[in-house]
Amino acid sequence: MYTQALDSPAAGADEASEERERLERFQARIDRDEKIEPKDWMPEAYRQTLIRQIAQHAHSEIVGMLPEGNWITRAPSLRRKAVLIAKVQDEGGHGMYLYSAAETLGVARGELIEQLLSGRAKYSSIFNYPTLTWADIGAIGWLVDGAAIMNQVPLCRCSYGPYARAMVRICKEESFHQRQGYELMLTLARGSEDQHAMAQDALNRWWWPSLMMFGPSDAHSVHTAQSMRWKIKRFTNDELRQKFIDVTVPQAEYLGLTVPDPDLHWNEASQHYRFGEINWSEFQAVLKGEGPCNRERLEARRAAHENGRWVREAAAAYAAKHQGPARAMKAGAGALS
Amino acid sequence: MNEDWVLYEVFIRSRSGLEHKHVGSLHAADARMAIEHARDAYTRRQEGVSIWVVPSSEIIASDPGEADALFEPARDKVYRHPTFYVIPDEVKNI
């Protein structure tokens, strides 16, 4: 095909104008708020952008199980332990929904896992911070899941159908995550002096990394403009960050805790909180793998993958022995009619 | 890299009396594992009373490129809908 195109420039020009028309028709569909489904034609750049974003999102859910899983055995009561297990299980589930959505774009699951384990894939910077005390579990639910909800609710209207549907499911479950975190913080904040101090310390450490979760400021965001045009994103990073701060500061006040930002103040004219400068060099360093826990997180994922290998192999061998995707539930055969 | 397990599509009946509805997909080594994974992934909050799993490769789908040929013919047949017919208000029970 390639040499042919070189031989006949006329045909090449035709192809180019055809491609342009296809792109225009695609953008028109997006502008009409139509959803794009897996088998529909889409520009390669749209496909690649979605694969990158959905995969990063999936990886974040999977790595996100680690900082909280760290506290399951040390939860202070059976109730808290049951809640934390349910939450961590949800995060794993969210990763599965998202990997499935990414696969509808033609990338293999194994390839995505490989990218994560080899360190080539990115995931949210927030999960490279350590969970030092029990209060961190509250701060993560309240702030980290709160920030995630802010990001994810608009994604329910994303132009790509499978991603939007996965996000609807995730957002329904995410609300419990944030509320259990806030309840935990409230309990500590109203507890003994030591417990109150522990809650304040957690807020001090998680506040700024939570703000960084929204990504670089609009001026420095490489993908924002195109993603907005494709309706993959509906709001810019800075818009969402501002929204998060506006709803979260009063929640901190109710807890009787202080947001660790001396520049934070209410601006009557704009009806928004103004806040101090974010340490972007810290953000870049954590993304590049120099955060406090980057190595530990990847090592934990690799170990989980390696330690589970024999289980996967045994399951595959069992399935092969019983002839592939055998109908394990014979009674169900014909049920579709 | 390991070969991925078979991809299954998952359908859930949310309560008896309703139809099974597509909810997503997952990988499993065999059908029983697919049912068990579907239980864990898609029904953690009582979302279902019954699960179907189907190997994705077994699903035959229409081609979006043929959508016009398939569905266009129905577009100008409004007389297939009850609201096409004007019945005087005095006539009851119709």
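Asks: When you look at the pairing of strand β2 (residues 20–28) of chain B in this model, what are you seeing that I'm missing?
Replies: Working note: regular strand, side chains alternate between the two faces of the sheet. For strand β1 (residues 6–13) of chain B and β2 of chain B, the ladder comprises eight bridges, and the chain directions are antiparallel. From the neighbouring strand, L7 of chain B faces β2 of chain B, where its bridge partner is H27 of chain B.

Asks: Is there a simple way to explain helix α11 (residues 237–255) of chain A in this structure?
Replies: Think of an α-helix as turning once every 3.6 residues; residues three or four places apart then point the same way. All names here are of chain A. When the terminal C-alpha atoms of α11 are compared, their 27 Å separation across 19 residues agrees well with the 27 Å that a helix rising 1.5 Å per residue should span. Along α11, the helix axis deviates most sharply at T248, where the bend reaches about 25°; the proline P250 sits within four residues downstream. Within the span of α11, buried status applies to N237, L240, R241, Q242, F244, I245, D246, T248, V249, A252 and L255. Buried-residue contacts for α11 involve α7 (135–155), α8 (161–189), α9 (193–212), α10 (224–229), β2 (272–274) and α12 (280–290). Positive phi shows up at G256, right after α11, with a value of about 75°.

Asks: Any chance you could explain the packing of helix α6 (residues 109–117) of chain A against helix α13 (residues 294–307) of chain A here in plain terms?
Replies: Helices that pack against each other are described as a pair by the angle of their axes relative to one another and the distance between those axes. Residue and element names in this part refer to chain A. Axis separation between α6 and α13 bottoms out at 9 Å; the angle between their running directions is 135°. Here α13 runs oblique to α6, going by the angle between their axes. Facing α6, whose interface residues are I113, L116 and L117, α13 presents L298, R301, R302 and H305. Tallied by class, the residues present in the contact of α6 with α13 amount to four nonpolar, one polar and two charged.

Asks: Mind showing me how you'd approach α12 of chain A here?
Replies: Residues and elements named next belong to chain A. Taken residue by residue, α12 has F283, A285 and V286 as its buried positions. Buried residues of α12 fall within an arc of 165° about the axis and therefore sit on the same side. Residues of α12 that are exposed and point over 90 degrees away from its buried face: S281 and K288. If you follow the buried residues of α12, they end up packed against α9 and α13.

Asks: Just to check I follow, could you spell out a negative patch on the surface for this structure?
Replies: A surface patch of negative charge is lined by D14, E15, E18, E21 and E24 of chain A. Tracing the sequence through the fold places E21 of chain A in helix α2 (residues 9–31).

Asks: In this structure, what is going on with the sheet that holds strand β3 (residues 50–55) of chain B? I would like to understand it.
Replies: Picture the strands of a sheet paired through backbone hydrogen bonds; they go either parallel or antiparallel. Residue and element names in this part refer to chain B. Ordered by their spatial adjacency, three strands build an open sheet running β2-β1-β3, and the pairing between neighbours is antiparallel. The open sheet terminates on both sides in strands that have one partner only, identified here as β2 and β3. Across the sheet, the mean angle from the axis of one strand to that of its neighbour is 30°, orientation sign disregarded. Contacts from helix α1 (residues 31–42) reach β1, β2 and β3 within the one sheet, and its direction differs from that of β2 by about 115°.

Asks: Is there a simple way to explain a nonpolar patch on the surface in this structure?
Replies: On the surface, V78, Y79, F84, Y85, I87, V91 and I94 of chain B cluster together into a nonpolar patch covering about 720 Å² of accessible area. Along the chain, I94 of chain B falls in the segment after α2 (67–71).

Asks: Could you clarify how one ought to interpret the packing of α8 of chain A against α9 of chain A in this entry?
Replies: Residues and elements named next belong to chain A. One way to put it is that α8 packs onto α9 with a least axis distance of 7 Å and a crossing angle of 140°. Taken together, α8 and α9 sit at an angle that is classed as oblique. Counted together, M185, L188 and A189 of α8 and Q195, H196 and A199 of α9 form the full contact between these two elements. Tallied by class, the residues present in the contact of α8 with α9 amount to four nonpolar, two polar and no charged.

Asks: Before we go on, may I ask you to explain the environment of G138 of chain A in this structure?
Replies: Within the element layout of this structure, G138 of chain A appears in helix α7. Using a relative accessible area of 0% as the deciding quantity, one classes G138 of chain A as buried.

Asks: In this structure, what is going on with the pattern of salt bridges? I would like to understand it.
Replies: As a working rule, side chains carrying opposite charge can pair if their charged atoms are close by. In the structure shown here, the tally under the stated rule is 28 salt bridges over all chains. Among the charged side chains, a network of salt bridges with common partners joins R29, R32, E34 and D40 of chain A.

Asks: Whenever I open this one, the interface of chain A and chain B confuses me. Can you help?
Replies: Note on interface size: it is often stated as the accessible area lost on association of the parts. With 30 residues of chain A at the contact, the number on the chain B side is 26 residues. Both sides together, the interface formed by chain A and chain B hides about 2,400 Å², and carbon and sulfur atoms give 55% of it. Scanning the region where chain A abuts chain B turns up four salt bridges. Where chain A touches chain B, the interface holds ten residue pairs in polar contact (both at pLDDT 80 or more). Those elements giving two or more residues to the side of chain A that touches chain B turn out to be α5 (78–103), α6, α8 and α14 (309–321) of chain A. Looking at which element gives the most residues to the side of chain A that touches chain B, the answer is α5 of chain A, with seven residues.

Asks: Please explain the nonpolar core as it appears in this structure.
Replies: Among soluble globular proteins, nonpolar side chains are generally buried collectively. The biggest cluster of nonpolar side chains holds 97 residues, and the ones touching the most others in it are Y46, Y160, Y163, W206, W207 and F244 of chain A. Sequence-distant contacts of Y163 of chain A, defined by excluding residues within four places in its chain, comprise L50, Q53, I54, H57, L98, A101, L155 and C158 of chain A.

Asks: Explain the packing of aromatic side chains to me, please; I cannot follow it from the model alone.
Replies: What characterises a pair of aromatic rings is the spacing of the ring centres plus the angle enclosed by the ring planes. Applying the stated criterion across every chain, the model contains 14 aromatic pairs over all chains. For the pair Y46 of chain A and W230 of chain A, a centre-to-centre distance of 5.5 Å together with 90° between the ring planes defines the contact as edge-to-face. Remark: W230 of chain A occurs in the loop between α10 and α11 and Y46 of chain A occurs in helix α3 (residues 44–63); sequence separation between them is 184 residues. When sorted by exposure, Y46 of chain A lands in the same class as W230 of chain A, which is buried. Ring centres of Y97 of chain A and Y42 of chain B lie 5.5 Å apart, and the angle between their planes is 25°; on these two criteria the pair is classed as stacked. Separated into two different chains, Y97 of chain A in helix α5 and Y42 of chain B in helix α1 make up a pair that spans both. According to the relative accessible area criterion, Y42 of chain B is buried, its value standing at 3%. An aromatic cluster is built from F26, W41, Y46 and W230 of chain A, whose rings are joined through pairwise contacts. A cation over a ring is seen here: R74 of chain A above W71 of chain A, with NZ or CZ 3.9 Å from the ring centre. Across from the ring centre of F235 of chain A, 4.8 Å away, lies the NZ or CZ of K243 of chain A, which sits over that ring.

Parameters and conventions
- Residues numbered from 1 in each chain as written.
- Chains lettered and ligands numbered in written order.
- Predicted model: local features only at pLDDT ≥ 70, side-chain atom pairs only at ≥ 80, totals over all residues.
- Heavy atoms only, no water.
- Pairing = 2+ DSSP bridges.
- Helix = DSSP H or I, 4+ residues; strand = E, 2+ residues; numbered from the N terminus.
- Expected span 1.5 Å × (residues − 1).
- Bend = angle between axes of the 7 residues up to and from the residue.
- Buried < 20%, exposed > 50% of the residue type's maximum accessible area, 1.4 Å probe, protein only.
- Contact = heavy atoms within 4.5 Å.
- Axes fitted to C-alpha atoms, helices over the stretch in contact; angles between N-to-C directions.
- Parallel < 35°, antiparallel > 145°, perpendicular 65-115°, else oblique.
- Nonpolar A, V, L, I, M, F, W, Y, C, P; charged D, E, K, R; others polar.
- Arc of directions from axis to C-beta.
- Patch = residues over 30% accessible without salt bridge, like charges linked within 9 Å, V, L, I, M, F, W, Y side chains within 5 Å.
- Areas by Shrake-Rupley, 256 points an atom, 1.4 Å probe, with all protein chains shown as cover.
- Salt bridge = Lys/Arg side-chain N within 4 Å of Asp/Glu carboxyl O.
- Lys, Arg positive; Asp, Glu negative; His and termini not counted.
- Charge placed at Lys NZ, Arg CZ, Asp CG, Glu CD.
- Buried area = accessible area lost by both parts, 1.4 Å probe.
- Polar contact = N/O pair within 3.5 Å; in protein donor to acceptor, adjacent residues only side chain to side chain.
- Core = buried A, V, L, I, M, F, W, Y, C linked by side-chain atoms within 4.5 Å.
- Phe/Tyr/Trp six-rings, centres within 6.5 Å; stacked < 30°, edge-to-face > 60°.
- Lys NZ or Arg CZ within 6 Å of the ring centre and 35° of its normal.

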